[in-house]
Structure formats: structure tokens, C-alpha cells
Protein chains: 2
Amino acid sequence: MTNPTAAILVIGDEILSGRTREANAYHLAGQLVRVGIDLVEMRVVPDDHRAIVEGLHALSAAVDHVFTSGGIGPTHDDITADAVAAAFEVSIDVREDARAMVAAAVGDPRRLTDDHLRMARIPEGATLIANGISGVPGFSIGNVHVMAGVPSIFVSMLDALLPSLSRGEAVVSREVRFEVGEGRIASPLRELAAQHPELSLGSYPFADGHIYGTNIVVRSTDPAALDMAVAQLEGLRDSLG
Amino acid sequence: MTNPTAAILVIGDEILSGRTREANAYHLAGQLVRVGIDLVEMRVVPDDHRAIVEGLHALSAAVDHVFTSGGIGPTHDDITADAVAAAFEVSIDVREDARAMVAAAVGDPRRLTDDHLRMARIPEGATLIANGISGVPGFSIGNVHVMAGVPSIFVSMLDALLPSLSRGEAVVSREVRFEVGEGRIASPLRELAAQHPELSLGSYPFADGHIYGTNIVVRSTDPAALDMAVAQLEGLRDSLG
């Protein structure tokens, strides 16, 4: 069995200008591992129609699920919904169910402006994604799931969306810490990786005070294979003294 | 004058699996703003030869500078240098100046292994990038700058590299905080953006305790235009009472 694959397209000048540190891709990565969906690409593009459409075309053709983050608010720089409609070549307009959700979010109907209603514009054929924070929905169309950039809202929308997606086998990981540099263990590690082609074996050097060490991370959907590899790694570590 | 453009290609399963939060793209974004190089894309791909080569081809054709992060250590999962050589269709081998730097980094020449020497494999025609932390170099080839994934080393290599790149006009930014939601200011903001096509005007909703507000960020290479826009925004804020 092969796990479903995914990518995230983050839309936002504020990330590329260094003003804001991206948070949603990191959150998504942690959530997808648990449900057995393999995240294979993260991409950040500016608030630019062409860049968004190109990113959507490339990623939606390459993976099973594309998650987007950002650009679905009421202001002039919120152009994601229109770009998604353009990418799927469908029309976009205010939809009644989304309009009701936006109106409820604004509270006083007399204060509902055309700008608020921009948030109720949904591409034809999309399904809404609930937002437990501000009430204004995201949406899914084809294999693209369009969510907010505000981290608390992204988290809420992902919680609403994930149970509806097909799961794969959850990937579990274990870490073995070596207090020697990568160069000293690269060779036995290479042998171990060759013995276990079904495992993902990553080597991550670290500096901790005056110790230059290496964390070896083993990842697999098979807990027994994982246990065996960890035992071999621990044996290697002990043999280094 | 148009600023040079840039993209970063981060290589690492550990980011996509949610184990590690990406740090180098965020650092790069902040540094490039200061020297007038416009970062237009961030991309994270796995430790996979084809994914790296495809990312390099796409990004190096689209922007003036591609920075890469990760995958240049001595272990089996460090495949970036070979992928870069493949992308540029050049050979790769141990180079004497890089070998001397790696040997100095390892210290004792009797402990220098074939795995260490993997870090001295440099694509034909590349220039080395100094590493003030561990001594093992990165390299530039064409418009691609290949750097380490360990954040302290990435920072050191970028410090060594940046002064050699052509600068553009630094982008300065100012922020005006509104204690009202985006919906209430979207309309005047849209007018302001239309009046100042030379400015980048971003709107970022926030929640701060019980206040739902909006930060407006104005960015420009022209300080006078920036001052004028900020004065207009402050006038708008005061008029909302």
C-alpha cells in the first residue's frame, strides 16, 4: 500500500519578506504524519495571481491533496479564491450558505459590507470547510483545500477537514542519539540503510555545547522493522564506546 | 530599477515529516530584504534526487539567485551536491582545495574517511563558500548557491556569500495597527492601494486577547512614498475613532 501524498501552497508576501515566520506548513506536516498522508512538498509564493495559479497547477497534478494557506480575507491582497477558480477554470460568486456564515461572523447585518461578502465568494462546485474560530469558511475543490493564513484558523479548518480525507498507514519514527560526528558513523549507517530499503534513515548533525553529535531518525510504517533498526543502531552506538 | 530576484530550495525529509521546523528560509528572507534582493519563492523538497533536480531546474530558470539548504554532509542521505551536478550536467569529484578544508575540519588526518571526503566533492566549475563554523565549504555554481542545513552553518555561509552578490534597493516597511477587523477598513485600504501602485500594502488580521485587529504593512524602496502612505493610514485610523 502506498500512502496518499500531499503538498502545501502557502500564499503570502509577509512570509517572503521575512516579516512573519511560516507556521501552518509546520503544523500541517505534524498532523499529516499521524494520518498516513505523505507531505512531499512545501511551497511559499507571493500574493500574485499568476504565481498562485502556476503553483496550484503544478502541485495539484503532482500529489493527491494540495492544502493552501492564506489570502482568503476581505482585503485587496486576498486573491486566493479567485486564483483557485481560475486554476480550475470555473466561475466564482457569493454563495448563499457561505454568505450566511459570513453574516453570522460579522454579527450585526447592518455592518455587512461588500468587502465582507468577498469572503463568501466560492468557486463553483466547491465544498465548504468549517471555521470554528471566526466562522468564515474555507473550501475544497477538486484535490485543493483552501484555508486561512491566520494560524489559529488554519488549525481549526484542518481539524474540520482531516477526518474526511482517506488515510494511509501512519508513519512512526524513533531517534537514536550519537555523541560523535556524522563522519564517524556514515559508513555503518550506509550499510544499515542498504539492509533496510523499506526504512527511511535520516542523519542530522547537531551541536550541543561542546558536543558535536548526530541524531539518527528512523521512520517506517512497520513498527517491527523500526524496532529492529533501532536495536542495530543502539548496538552500533555502544560499540563506539 | 528592478531588484534581483531569489528563491530558496530547502532539501530535507526532516522538515516534511514535521520533525524539524524550517529555520533557514526565514533567516534568508530577513537578510535579503536588507540588501534589496526580492525573495519570490520558498520550496521544501525531500532527500530525493529527482525532486531536487526538478526544483533546481524550475527555480534557477525563474529567478536570479537560488539558495539551497541541506543535504551536503557525509551520510547516505546527503545527495544535494550530486543532484546539483546532475542539474547543471557537469561532473563532480573531490577537489583539492575543498579536501584541504575538510581535512582541517576533521583535524587528525588519520581519521579522514571516504565519508568525510564526500564533503569535498564539488561540481566542476563551482566556487567555494566559506564556512566559519565547521570549516567544510558550500559552493556556488551558475546562479545556485549550495549551503548547509544546520542553521548556524547556513547563517555563516550566507554571511560569507551575500557581500559578493549584486544588491538592489533595500525594501523598507512600516506597520500601522488598527484595532478593528479587516472588513471595516478593506474599502479605504483598497482606495489607498489603487492610489499608490508603487507600494506594497499588506493586510494582516490578528487576535490579541479580546481585540480582533488588523496590521497594515506598507513596503517600498521609496522612503518618501512610505511616509505619505503611513500618514494617510494614521489619518484613517484616527477617523475610525
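Conventions we followed
- Residues numbered from 1 in each chain as written.
- Chains lettered and ligands numbered in written order.
- Predicted model: local features only at pLDDT ≥ 70, side-chain atom pairs only at ≥ 80, totals over all residues.
- Heavy atoms only, no water.
- Buried < 20%, exposed > 50% of the residue type's maximum accessible area, 1.4 Å probe, protein only.
- Helix = DSSP H or I, 4+ residues; strand = E, 2+ residues; numbered from the N terminus.
- Pairing = 2+ DSSP bridges.
- Axes fitted to C-alpha atoms, helices over the stretch in contact; angles between N-to-C directions.
- Contact = heavy atoms within 4.5 Å.
- Domains from an automatic or database assignment.
- Buried area = accessible area lost by both parts, 1.4 Å probe.
- Salt bridge = Lys/Arg side-chain N within 4 Å of Asp/Glu carboxyl O.
- Least-squares fit on C-alpha atoms with pLDDT ≥ 70 in both.

Draft legend 1. Main features of the pairing of strand β8 (residues 144-147) of chain A. All names here are of chain A. Residues of β8 alternate between two faces, with Val144 and Val146 on one and His145 and Met147 on the opposite face, all of them buried. The pairing of strand β3 (residues 65-69) with β8 spans four bridges and is classified as parallel. Looking at β8, one finds that Thr68 is bridged to Val146. Between strand β7 (residues 138-141) and β8, which pair antiparallel one after the other, the connecting turn spans two residues, and Gly142 there sits at a positive phi close to 55 degrees.

Draft legend 2. Expanded view of the sheet that holds strand β8 (residues 144-147) of chain B. Strands sit in the order β6(A)-β7(A)-β8(A)-β3(A)-β1(A)-β2(A)-β2(B)-β1(B)-β3(B)-β8(B)-β7(B)-β6(B) across an open sheet of twelve strands; the sheet is mixed. Looking at which strands have only one partner, the edges of the open sheet turn out to be β6 (127-129) of chain A together with β6 (127-129) of chain B. Taking each pair of neighbouring strands and ignoring which way they run, the sheet shows an average axis angle of 20 degrees. Across the sheet, helix α3 (residues 49-62) of chain A touches β1 (5-11), β2 (38-45), β3 and β8 of chain A, and the angle it forms with β1(A) is around 175 degrees.

Draft legend 3. The domain arrangement of chain A, seen in detail. Segmentation of chain A into domains returns domain 1 (5-164) and domain 2 (172-240). Averaged C-alpha coordinates put domain 1 of chain A and domain 2 of chain A at centres separated by 38 Å.

Draft legend 4. Spatial organisation of the interface of chain B and chain A. Contact with chain B, which involves 53 residues of that partner, is made by 53 residues of chain A. When the area that chain B buries against chain A is broken down by residue, the three leading residues are Arg19(B), Arg21(B) and His76(B), summing to 16%. Inspection of the region where chain B meets chain A yields six salt bridges. Two residues, Glu41(A) and Arg43(B), come together in a salt bridge whose shortest N-O distance is 3.7 Å. The element best represented in the side of chain B that touches chain A is helix α8 (residues 182-195) of chain B, accounting for eight residues. Note that β2(A) and strand β2 (residues 38-45) of chain B share three bridges and pair antiparallel. When the sheet's bridge partners are listed, Val44(A) is paired in β2(B) with Met42(B).

Draft legend 5. Highlighting the relation of the copies chain B and chain A. By a simple turn and slide, chain B fits onto chain A: the slide is 0.0 Å along the axis, the RMSD is 0.0 Å, and the turn is 180 degrees. Overall, the copies show the geometry of a two-fold rotation axis. By C-alpha distance to the rotation axis, the residue of chain B lying nearest is Arg43(B), at 2.2 Å. Comparing contact sets, 100% of the residues at the interface of chain B also lie at the interface in chain A, consistent with an isologous, same-surface contact.

Draft legend 6. Here's a closer look at the sheet that holds strand β11 (residues 211-220) of chain B. Residue and element names in this part refer to chain B. Spatially, three strands are ordered β9-β11-β10 in an open sheet, and the strand pairing comes out antiparallel. Strand pairing shows two members of the sheet lacking a second neighbour, β9 (172-178) and β10 (200-208), which therefore form its edges. Between one strand and the next, the sheet's axes are offset by a mean angle of 25 degrees, whatever the strand orientation. Inspection of the sheet shows β9 paired to β11 by seven bridges, in the antiparallel sense. Bridged to Val176 within β11 is Ile216. Across the sheet, α8 is in contact with β9, β10 and β11; its angle to β10 comes to roughly 170 degrees.

Draft legend 7. Representation of the pattern of salt bridges within the structure. Under the defined criterion, the tally for this structure stands at 22 salt bridges over all chains. Arg19(A) is paired through a salt bridge with Glu175(B); the nearest N and O atoms lie 3.2 Å apart. Here Glu175(B) lies in strand β9 and Arg19(A) lies in the loop between α1 (13-16) and α2 (24-35), a pairing that spans two chains. Residue Glu175(B) is classed as partly exposed on the basis of its relative accessible area of 47%. The closest approach of N and O atoms between Asp82(B) and Arg121(B), which form a salt bridge, is 2.8 Å. Of the two residues, Asp82(B) is situated in helix α4 (residues 80-88) and Arg121(B) in strand β5 (residues 121-123); the sequence distance between them amounts to 39 residues. The exposure class of Arg121(B) is partly exposed, given its relative accessible area of 21%. One continuous salt-bridge network, built from bridges that share partners, spans Glu41(A), Arg43(A), Glu41(B) and Arg43(B).

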